[in-house]
Amino acid sequence: MAELQQRLLSWYDESARDLPWRATTDPYAVWVSEVMLQQTRVDTVIPYYERFVRSFPTARALADADEDAVLSHWSGLGYYRRARMLHAGVREVVAQYDGVVPEDAEARRALPGIGRYTAGAIGSIAFGKPEPVVDGNVTRVLARLLRIDTPTGAAVTTKRLWEEAARLIPSERPGDFNQALMELGATVCTPRQPKCESCPLSEGCAAFAQGEVDALPVAKARKAPRELKLAAVVATSGRGADRKVWMNKGDKALFGGLWGVPMIEGTPRDALRAAGLRARLRTEPVGEIEHVLSHRRLCIDVYRATGANGVETHSHKAFSPDELDRVGVSRLMLKVLAVAF
Ligand code: SF4
């Protein structure tokens, strides 16, 4: 093994954080952890991961669960599409491979929700194959180490990063190597004030040698998030302990298909009408919420309506507070409900 790889692995052996998913090489558990870790902080993921694999310890157990149960375990983690795709992926594993995650890289990559990154993480960590991974942390480390100065996100940069990651990965301990690169990016080669003095790769790091650490990686130009003005209506029927809140299965693109109160780009009456509800609507909003998604800024006026009447269907239902605790509700919906009650 070349010196750089050895230095990185020795550093990892000494410094790796003790994280629950590092105690296993079960491909299903690795898969769950990698999906949860995409766009979410490690500290946030830990309790979610532990609860998820306790409730769904195998691919088959997850495949057998209904979507609401899966989403309720994801509630608060955000990016719910990840959960639905994971669910679809394990169902495919059960249907096609008898519940065993395939070792073959092509078969893994063909599963729903498994992109190049997740396939590489499972391949290297669970199956010990020299398959590279490139995420935000790896991008930063490699851009600095190799002085890659084209903008992140550009096709030419992505291609180069994957090629370099594939070139660097050793055939011995490839899973640890990938995790070490990511760990280095998370704890040493951080976006601001990287700890180059204590970095195992400082000798041979091009950006460090040239004094260009702060200039790399070169960020891609960002678009401002589009603003969306919405009306949300918390419509209830019944009173006191019998009170129920009417919810719809949400917009899959925005809310990953979680349950939410009627919400629309329009008036509160439009929202009630679209949900097929008749109710006494208070004309003034009871509050206002701002919620920023990755590419949109939502400005939501929250309204209250009582005496609601509607027909329950698979995507439209009135929930008691207890039932609401058991289904998947997004963080945004928790904010809306908090304003209304
Ligand atoms: S020396 Fe500094 S810039 Fe280079 S890899 Fe290490 S922490 Fe990152």
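Calculation notes
- Residues numbered from 1 in each chain as written.
- Predicted model: local features only at pLDDT ≥ 70, side-chain atom pairs only at ≥ 80, totals over all residues.
- Heavy atoms only, no water.
- pLDDT = per-residue confidence, 0-100.
- Helix = DSSP H or I, 4+ residues; strand = E, 2+ residues; numbered from the N terminus.
- Near = heavy atom within 4 Å.
- Nonpolar A, V, L, I, M, F, W, Y, C, P; charged D, E, K, R; others polar.
- Domains from an automatic or database assignment.
- Contact = heavy atoms within 4.5 Å.
- Buried area = accessible area lost by both parts, 1.4 Å probe.
- Buried < 20%, exposed > 50% of the residue type's maximum accessible area, 1.4 Å probe, protein only.
- Polar contact = N/O pair within 3.5 Å; in protein donor to acceptor, adjacent residues only side chain to side chain.
- Pairing = 2+ DSSP bridges.
- Axes fitted to C-alpha atoms, helices over the stretch in contact; angles between N-to-C directions.
- Parallel < 35°, antiparallel > 145°, perpendicular 65-115°, else oblique.

S.K.: Any chance you could break down the confidence of the model for the protein for me, citing the residues and the numbers?
M.R.: On average, residues of the protein score 92 in pLDDT, and 98% of them reach the 70 mark or higher. Ranking the elements of the protein by mean pLDDT puts helix α13 (residues 252-255) last, at 59, and helix α4 (residues 59-64) first, at 98.

S.K.: Please provide a residue-by-residue account of the site of the ligand, values included.
M.R.: Near the ligand you find R144, C189, C196, C199, S202, C205, F208 and V213, and these make up its full shell. In the shell around the ligand, the residues fall into six nonpolar, one polar and one charged.

S.K.: A description of the domain arrangement of the protein should follow, citing residues and the corresponding values.
M.R.: What the domain assignment lists for the protein is domain 1 (3-215) and domain 2 (226-340). Averaged C-alpha coordinates put domain 1 and domain 2 at centres separated by 35 Å. The interface is formed by 11 residues belonging to domain 1 together with 14 residues belonging to domain 2. When the two sides are added together, the surface that domain 1 and domain 2 hide from each other amounts to roughly 920 Å², 46% of it contributed by carbon and sulfur. The largest share of the area that domain 1 buries against domain 2 comes from D68, Y80 and R84, three residues that together contribute 49% of it.

S.K.: I'd like to hear about the environment of K195, residue by residue, with values.
M.R.: Structurally, K195 is set in the loop between α11 (174-187) and α12 (206-210). Since its relative accessible area comes to 42%, K195 is described here as partly exposed. Ignoring sequence-local partners within four residues, the contact set of K195 consists of T187, V188 and T190. A polar side-chain atom of K195 sits 2.9 Å from the main-chain carbonyl oxygen of T187.

S.K.: Provide a residue-level description of the pairing of strand β2 (residues 244-249), including the pertinent values.
M.R.: Two elements, strand β1 (residues 226-237) and β2, share two bridges in a ladder whose sense is antiparallel. By the bridge assignment, S237 is partnered in β2 with K244. Hairpin remark: β1 followed by β2, antiparallel, with six residues in the connecting loop; positive phi at G238, about 80°. Where β2 and strand β8 (residues 316-319) come together, four bridges link them in antiparallel fashion. Residue pairing for β8: N248 is matched across the bridge by H316.

S.K.: Could you give an account of the side chain of S33, with specific residues and numbers?
M.R.: As for its placement among the helices and strands, S33 is situated in helix α2 (residues 27-37). Leaving out residues up to four positions away in the same chain, S33 has contacts with W21 and Y49.

S.K.: Go over α2 with me, naming the residues and quoting the values.
M.R.: Among the 11 residues in α2, 10 count as buried, and that is most of the element. Of all the residues in α2, the buried ones are P27, Y28, A29, V30, W31, V32, S33, E34, V35 and M36. Along its buried surface, α2 packs onto α3 (42-55), α4, α5 (67-74), α6 (81-97) and α8 (116-126). Capping the start of α2 is the job of one residue whose side-chain oxygen sits 3.1 Å from the backbone nitrogen of Y28: D26. Following α2 by one or two positions, Q39 has its phi on the positive side, about 65°.

S.K.: Tell me about the packing of helix α1 (residues 3-15) against α11, and name the residues and values.
M.R.: Axis separation between α1 and α11 bottoms out at 9 Å; the angle between their running directions is 70°. Taken together, α1 and α11 sit at an angle that is classed as roughly perpendicular. Facing Q5, L8, L9, W11, Y12 and S15 of α1, the residues of α11 in contact are D176, F177, Q179, A180, L181, E183, L184 and T187. For the contact of α1 with α11, the residue count by class is eight nonpolar, four polar and two charged.

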